[in-house]
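Notes for the structure review
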Amino acid sequence: MSAVLGPVVTRDANAFWLRAGLWLLLAYLGVTLLLPLYALLSRSVEDAAGHFIGLANFAEYLSRPALRASLGNSLLVAGLTTLIVTATAFVYAYALTRSCIPARGAFRLVALSPLLAPSLLPAIALVYLFGRQGVIRDWLFGEPIYGPIGIVIGSCFWTFPHALTILLIALAGADGRLYEAATALGSSHWRTFRTVTLPGAKYGLISAALVTFTLTLTDFGVPKVIGGDYPVLATDVYKQVVGQQNFRMGAVVAIVLLLPALAAFILERRIGRHHSALSSRAQPYLPTPRPARDWPLFACCSLLAVALLGILGMAVYASLVRLWPYDLTLTLANYNFDLRDGGSWLAYRNSLWLATLTALAGTTLVFLGAWLCEKVPALPWLRGLIHMLALLPMAVPGLVLGIAYILFFNHPGNPLHGLYGTLAILVIATVAHFYTVGHLGAVTALRQLDPEYEAVGASLRTPAWRLLGRVTLPLCLPALLDLAMYFFVNALTTVSAVVFLYSPDTVLAAVAILNMDDAGDVAGAAAMAVMIFLTAAMVRTLYAQLSARLLRRLQPWRAGSRA
Amino acid sequence: MPMSATELPPHAPSDTHDAPRGPHPLRAPVAAATPYLRLHNLSKRFGSSVAVDDVSLDIERGEFVCILGPSGCGKTTLLRAICGLDPQSFGRIEQDGRDISQLPPAARDFGIVFQSYALFPNLTVAQNVAFGLENRRQPRAAVRSRVAELLELVGLQALAGRFPSELSGGQQQRVALARALALAPGLLLLDEPLSALDARVRVHLRHEIRALQRRLGLTTLMITHDQEEAITMADRIVVMNRGRIEQIGTPEAIYCEPATPFVAGFVGTMNFIDAEVDAIGRARIGEVALDCTVEAFPGTPVRLAVRPEDVLLSTDEDALHGIAVEVRALEFLGPVLRLTLGDAALGARVLYADLPAAQARQWGLSLGVRLMATIEPTAIRVFPHDGAGA
Ligand SMILES: Nc1ncnc2c1ncn2[C@@H]1O[C@H](COP(=O)(O)OP(=O)(O)O)[C@@H](O)[C@H]1O
Ligand SMILES: [Mg+2]
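Each chain carries its own residue numbering, running from 1 in the written order of its sequence. Chain letters and ligand numbers both follow the written order, the letters beginning at A and the numbers at 1. Per-residue local features are limited, in this predicted model, to residues with pLDDT of at least 70; the limit for side-chain atom pairs, both in listing and counting, is 80 or more; totals at the level of whole chains, interfaces and linings are taken over all residues. Values shown for side chains rest on all heavy atoms present in the structure; no hydrogens or waters enter the calculation.

A separate point is the overall build of chain B. For chain B, the count of helices and strands is nine helices and 20 strands. Throughout this description, buried means an accessible area under 20% of the type-specific maximum (1.4 Å probe, protein chains only), exposed means over 50%, and partly exposed covers the range between. A total of 390 residues make up chain B; the buried ones form 50% of that total. Should any heavy atoms of two residues lie within 4.5 Å, those residues are counted as being in contact. Of the contacts formed within chain B by residues at least 6 apart in sequence, a portion of 67% connects residues at least 24 apart. Method for areas: the Shrake-Rupley scheme with a 1.4 Å probe, in which residue coverage is limited to the protein chains shown. Accessible area of chain B: about 16,900 Å², with a carbon and sulfur share of 53%. Each helix corresponds to a stretch of at least 4 residues labelled H or I by DSSP, and each strand to a stretch of at least 2 residues labelled E; elements are numbered beginning at the N terminus.

Laid out in structure tokens, this is it:
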């Protein structure tokens, strides 16, 4: 056998640019992800003067009972929330996919609506519902809402749709043939549920629980507003960094926060791999009406939907009341942010800018990155590395990313120091924070395309970018629009990473909520939270209305046969 | 749908950017005797597994060659190496006298049709065909007339404005063919182009593709796992198994003179009978002796290969030559019946024989009937008994 080294290997310009693109992407992810995280890690093992001191900071952390207590508090609150949310979301998802309850569309809409609000919104609503002057404060039998109870209820509100989405997918993929077989064998409903439904949804349940746990553990908005003097990890990080300017201890707490999140993430990926795909011969399961099952489920869903709507409605109502609880006349005065302490319309405008720019930059970057990873037939190890890097942000809580960014970009020696305090760094941080979900979505869309398109393009001597523009992008347009929407809504509602990175000029709506709440202007905070919710809801509705029409106009081939 | 009679010019108009490709009418071939495509000791590994193992093959200009083999034997891998999509691990490829082993796909000269067709669903038929033409900075009119020409060639002028989802499978296949031919490639590669189609359309398109290839004088390499397809279409067939070439030959040679038990078993139906050499020119099956061309020491175990249609049957039980057998099973295959024949003298062995259905009716054939089977010595192929292949 002759190993032949032929003539000089020809590398056309096309291949050169694709390789260059991969290296650039690696460099970008390195600078916006790896280096900041490295800065965080190294700060946590240094003393105030910058000398390496091993794990001494962690020892100090453990020696402070106040800090140690918040670790336990965080785990307790996250654990409780996970139990409640996983159980209720499972019932809700089960009702939506496996029963014949009426108004399933409306139930789904209500349950998913918290996705459009910042996590601060439920906390503020809880102040009005159960606070010292709350409408239904008696329901707590004298227990204060400020503390673990408030954190758990608030966290349940905003994590519910995340768990629900996972469980809806897990339960939607049922194989009708299994149920037919179970019925044919005379299995009771309860037995079928235990032997067919539950095992089928097992991975979905575990995944939903892990996601809920991580979200609650790393959330900062709810405990900040409703936590009172009940310390948790997320508020500790904030207190150390913003309150005491103790970056060293902030870094330590951030890493303590990062570890469980990382563990949950790795566990989730592991389990996801075992998740067997539905066989292509599976028949979809079509539920038949059964009152004994449907009506109790309907009651449960109604109760949950009323609770969700109640919290949302309370926030809206509170934002419209002149002076709670003394003067209940309705007014828009609370929305006059420029006159209020801590808020401004500038913050709202900045948020819109941030959302728009994040949607544009994030979609472009993430899609091109996924395309390079999936469709470039070179440097497989580099593509693998980038793919792994793209998964990393999912494991890094926003707070941790925020501190990592301060430590890295605010370092006087950093040539990118000029970015600090600009809108650009907020965009960069937000894109990095939400990179993973976007990347996975884009990869899924790209993998659905015929892998031979690239081969055909090469055989027709078409440069890769032309195939991308002419075929790949048009085919992925719906996925691209979804991606942009995802970035937009999340950039609008996020608070955890950006709370460390804004400047007076780039203050954001979600940050303004915090500031107004801090200044005691809870009504103003409610109004801003409602503004964010309304904006996200409006854009989302507009998007749903327009995208279908747009696609029909721009892409007639999607209609199938025009005959 | 009839093919148009228009001849295509053998080369794309005004090909300004690249070196001239393919057979040019005004240019003498590099050397008339050199094969157009030469594969030298080509191998491809995926990690530790060898998908293509030391394949050498010459294809003449204008020849239609089929690579035939079971699924997973490395056919697609070989094709992708020829394209440069998944370069070979070892070996050399020459096309038209040029070493292309290390060239990227875009610098090679081929058109390809994939099993999935890989038509661009967002482009119309005409846009799909024009895709390769449009990045050559040609005047629009030239592109348009070339597209019209190609669509006429495959008989799809009327459907130029349709999207692929609005076409039948056979029509999609033709669009893929027209797109592959757009740049007038010197080499056409077809990866199971017909396997996604109905049986009827498939037979029809076999003829169309072959006629088109003849008309354009296009060197073509087609991959298939369907032996009937290979036999009816190819000038030469390359039978592959587990990454290696088992035999190269004309369809007749492959069918009538299979070089290995694998080829004998893969192409058509074959009786394999364990036997041992009795004397020169004679083998023994159980207690039955049979004349055949064999030259080995008596007692050497061999395998005899006989086509069912070469087992000749008669009802004359007193015939001097032949094997007395009993009908053990009958399978109706349409024009013929396939009989399973056995006898105490053969031991556990059975013999399959094809008998015209009319003949069987005339004899009133049924289970248990006794017949005489004779096999011409020339119809028997003798393989060493090593159990390999088959
Ligand atoms: N990208 C790849 N990585 C690893 N193994 C591969 C790859 N592509 C093909 N193979 C293996 O190589 C062998 C030949 O595959 P292929 O050429 O597709 O077969 P065929 O086209 O003849 O059906 C198979 O065993 C297949 O599993
Ligand atoms: Mg194949």
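The secondary structure content of chain A amounts to 21 helices and two strands. The size measure is the radius of gyration over C-alpha atoms, and the globule rule it meets is 2.2 Å times the number of residues to the 0.38 power. Here the C-alpha radius of gyration of chain A, 25 Å, is about what a compact globule of 563 residues would show, namely 24 Å. Oriented by its inertia axes, the alpha-carbon framework of chain A measures out at about 85 × 75 × 50 Å. Here chain A holds 563 residues, and the buried ones make up 53% of them. Taking as baseline every contact in chain A between residues at least 6 positions apart, the subset at least 24 positions apart corresponds to 79%. Counted as positive: Lys and Arg. Counted as negative: Asp and Glu. His and the chain ends are not counted at all. Where a charge lies is defined by one atom per residue type, namely NZ (Lys), CZ (Arg), CG (Asp) and CD (Glu). If the 38 positive side-chain charges of chain A are averaged to one point and the 25 negative ones to another, these points end up 11 Å apart.

All names here are of chain B. With domains assigned, chain B is organised as domain 1 (37-262) and domain 2 (269-384). Segmentation into domains, and thus their bounds, comes from an automatic or database assignment. The C-alpha-based centres of domain 1 and domain 2 are spaced at 40 Å. Residue-level contacts link eight residues of domain 1 with six residues of domain 2. Contact with domain 2 buries surface across domain 1, with Y255, P258 and P261 losing the most and accounting together for 80% of the total. Within this document, salt bridges are pairs made up of a side-chain nitrogen of Lys or Arg and a carboxyl oxygen of Asp or Glu, the two lying within 4 Å of each other. Put simply, domain 1 and domain 2 have zero salt bridges between them. For this analysis, a polar contact is any N or O atom pair within 3.5 Å, provided that within protein one partner can donate a hydrogen and the other can accept it, and provided that sequence-adjacent residues contribute only side-chain to side-chain pairs. Linking domain 1 to domain 2 there are three residue pairs in polar contact (both at pLDDT 80 or more). The biggest single contributor to the side of domain 1 that touches domain 2 is helix α7 (residues 251-256), with three residues. Residues are grouped as follows: Ala, Val, Leu, Ile, Met, Phe, Trp, Tyr, Cys and Pro are nonpolar; Asp, Glu, Lys and Arg are charged; all remaining types, including Gly, are polar. Classifying every residue of the side of domain 1 that touches domain 2 gives six nonpolar, one polar and one charged. As a working definition, buried area equals the accessible area (1.4 Å probe) given up by two parts on being put together, with both sides summed.

A word on the site of ligand 1. Residue and element names in this part refer to chain B. Nearness is defined per residue: one heavy atom within 4 Å of the molecule or strand is enough. In the vicinity of ligand 1, the residues found are F46, A51, P70, S71, G72, C73, G74, K75, T76 and T77. At a separation of 2.6 Å, an oxygen atom of ligand 1 approaches a polar backbone atom of G72. The separation between an oxygen atom of ligand 1 and a polar side-chain atom of T76 is 2.6 Å. For the shell around ligand 1, the leading source of residues is helix α1 (residues 75-83), giving three residues. Grouping the amino acids of the shell around ligand 1 by side-chain chemistry returns four nonpolar, five polar and one charged.

Counting residues at the interface gives 32 residues for chain A, matched by 41 residues for chain B. Applying the counting rule to chain A against chain B returns four salt bridges. In this structure, E134 of chain B and R470 of chain A form a salt bridge, with 2.9 Å as the shortest nitrogen-oxygen distance. The tally of links from chain A across to chain B stands at eight residue pairs in polar contact (both at pLDDT 80 or more).

Looking now at the environment of N246 of chain A. Residues and elements named next belong to chain A. Along the chain, the position of N246 falls in the loop between α10 (233-243) and α11 (247-274). Exposure remark for N246: the relative accessible area of 18% places this residue in the buried category. Excluding residues that lie within four positions of it along the chain, N246 makes contacts with R64, Q240 and V241. At 3.3 Å, the side chain of N246 and the backbone nitrogen of R248 are in polar contact.

Moving on to the UniProt feature "domain: ABC transporter" (unreviewed entry) in chain B. UniProt feature "domain: ABC transporter" (unreviewed entry): in the numbering of this structure it lies at residues 37-267 of chain B. Taken end to end, residues 37-267 of chain B comprises 36% helix and 26% strand; its first and last C-alpha atoms sit 25 Å apart. UniProt positions are given in the numbering used here, feature names are shortened, and annotations may be inferred rather than shown by experiment.

Residue and element names in this part refer to chain B. Pairing between two strands requires that DSSP report at least two bridges joining them. Read across the open sheet, the four strands follow the order β2-β1-β4-β5; overall the sheet is antiparallel. The strands lining the two open edges of the sheet, one partner per strand, are β2 (49-59) and β5 (98-99). In this structure, strand β1 (residues 37-46) lies alongside strand β4 (residues 90-95), joined through five bridges in antiparallel fashion. By the bridge assignment, R38 is partnered in β4 with E94. Seen against the sheet, α1 touches β1, β2 and β4 and runs at an angle of roughly 120° to β1. In this analysis, axes come from line fits to C-alpha atoms, helices being fitted only over the stretch in contact, and the angle between any two N-to-C directions falls in the range 0 to 180 degrees.

This part covers the pattern of salt bridges. Once their charged atoms are close, side chains differing in charge can pair, the charge on each being opposite to the other. Residue and element names in this part refer to chain A. All chains considered together, the criterion is met by 29 salt bridges over all chains. A salt bridge links R322 to D327, with the shortest nitrogen-to-oxygen separation between them at 3.8 Å. By relative accessible area, R322 is classed as partly exposed at 45%. Among the ionic contacts, a cluster of salt bridges with common partners joins E60, R64 and R248.

Residue and element names in this part refer to chain A. In the numbering used here, UniProt assigns the "domain: ABC transmembrane type-1" (unreviewed entry) feature to residues 71-268 and 348-543. With 76% helix and 0% strand, residues 71-268 has its two end C-alpha atoms placed 22 Å apart. Summarising residues 348-543: 76% helix, 0% strand, and an end-to-end C-alpha distance of 20 Å.

Moving on to the packing of helix α12 (residues 291-320) of chain A against helix α21 (residues 522-554) of chain A. Residue and element names in this part refer to chain A. One way to put it is that α12 packs onto α21 with a least axis distance of 8 Å and a crossing angle of 120°. On the basis of their axis angle, the class for α12 and α21 is oblique. Classified by chirality, the crossing of α21 by α12 is left-handed. Each of L312, A315, V316, A318 and S319 in α12 lies in contact with α21, whose residues at this interface are A523, A526, A527, V530 and F533. By residue class, the composition of the contact of α12 with α21 is nine nonpolar, one polar and no charged. In what follows, roughly perpendicular refers to angles from 65 to 115 degrees, roughly parallel to angles under 35, roughly antiparallel to angles over 145, and oblique to any angle outside these ranges. Handedness of a crossing is defined here by the sense of rotation of the near helix relative to the far one, left-handed for an anticlockwise turn of less than a right angle and right-handed for a clockwise turn.

Attention shifts here to empty space enclosed by the protein. Once rolled over the atoms, a probe with the size of a water molecule shows which space is left empty. Any residue with an atom within 4 Å of a point lines the site, the site being either a cavity, points on a 1 Å grid over the protein atoms alone where a 1.4 Å probe fits but cannot get out, or a pocket, an open set with protein on both sides within 12 Å along at least 5 of 7 lines. Grid points are joined across faces, edges and corners, and a volume is the space filled by probe spheres set on the points. Inspection of every chain in the model, using the stated rule, returns two cavities of 30 Å³ or more. Lining the largest cavity, in full, are S74, V77, A78, I151, S155, T216, L217, D219, P223 and V232 of chain A. For the lining of the largest cavity, the secondary-structure elements that each account for two or more residues are α3 (65-98), α6 (148-172) and α8 (189-218) of chain A. Looking at which element gives the most residues to the lining of the largest cavity, the answer is α3 of chain A, with three residues. For the lining of the largest cavity, the class distribution of residues is six nonpolar, three polar and one charged. Roughly 50 Å³ of internal volume is contained in the second largest cavity. Lining of the second largest cavity is provided by I273, I285, L290, I323, L346, R349, V350, L351 and I375 of chain B. Of the residues that constitute the lining of the second largest cavity, the class distribution is eight nonpolar, no polar and one charged.

All names here are of chain A. Topologically, A182 is positioned in helix α7 (residues 176-184). A relative accessible area of 9% places A182 in the buried class. Beyond its immediate stretch of four places on either side in the chain, A182 contacts S187 and T192.

This part covers the sheet that holds strand β14 (residues 301-306) of chain B. Residues and elements named next belong to chain B. Judged by pairing direction, the sheet is antiparallel, and its five strands sit side by side in the order β13-β12-β11-β14-β20 without closing on themselves. A strand with exactly one partner marks an edge of an open sheet, and here the two such strands are β13 (288-291) and β20 (381-384). Geometrically, the sheet is characterised by an average inter-axis angle of 45° between neighbouring strands, direction not taken into account. Pairing analysis gives six bridges linking strand β11 (residues 271-279) to β14, with the strands arranged antiparallel. Note that in β14 the partner of E276 across the bridge is P301.

Our focus in this paragraph is the packing of helix α4 (residues 104-112) of chain A against α6 of chain A. Geometrically, a packed helix pair is captured by the angle between its two axes and the distance between the axes. Residue and element names in this part refer to chain A. Viewed as axis vectors pointing N to C, α4 and α6 meet at an angle of 135°, and their least axial separation amounts to 8 Å. By the criterion of interaxial angle, the relationship of α4 to α6 is oblique. The residues of α6 that touch α4, namely those facing R108, A111 and L112, are F160, P161, L164, T165 and L168.

The subject of this paragraph is the packing of aromatic side chains. Aromatic pairing here means that ring centres of Phe, Tyr or Trp (its six-membered ring) are within 6.5 Å. Orientation follows from the plane angle: under 30 degrees is stacked, over 60 is edge-to-face, and everything else is tilted. Applying the stated rule across the entire model yields 24 aromatic pairs over all chains. A ring pair is formed by W345 of chain A and Y348 of chain A, whose centres lie 5.5 Å apart and whose planes are at 90°; its orientation type is edge-to-face. Here Y348 of chain A and W345 of chain A lie together in helix α13 (residues 345-375), a separation of three residues that amounts to about one turn. By relative accessible area, which is 25% here, W345 of chain A ends up partly exposed. Cluster of aromatic residues (ring-pair linked, three or more members): Y92, F107, F160, W295 and F298 of chain A. Counted as over-ring charges are cases with an Arg CZ or a Lys NZ within 6 Å of the ring centre that also lie within 35 degrees of the ring normal. The ring of Y203 of chain A carries K202 of chain A above its face, with NZ or CZ at 5.4 Å from the centroid. The side chain of R466 of chain A reaches across the aromatic face of F131 of chain B, ending 4.7 Å from its centre.

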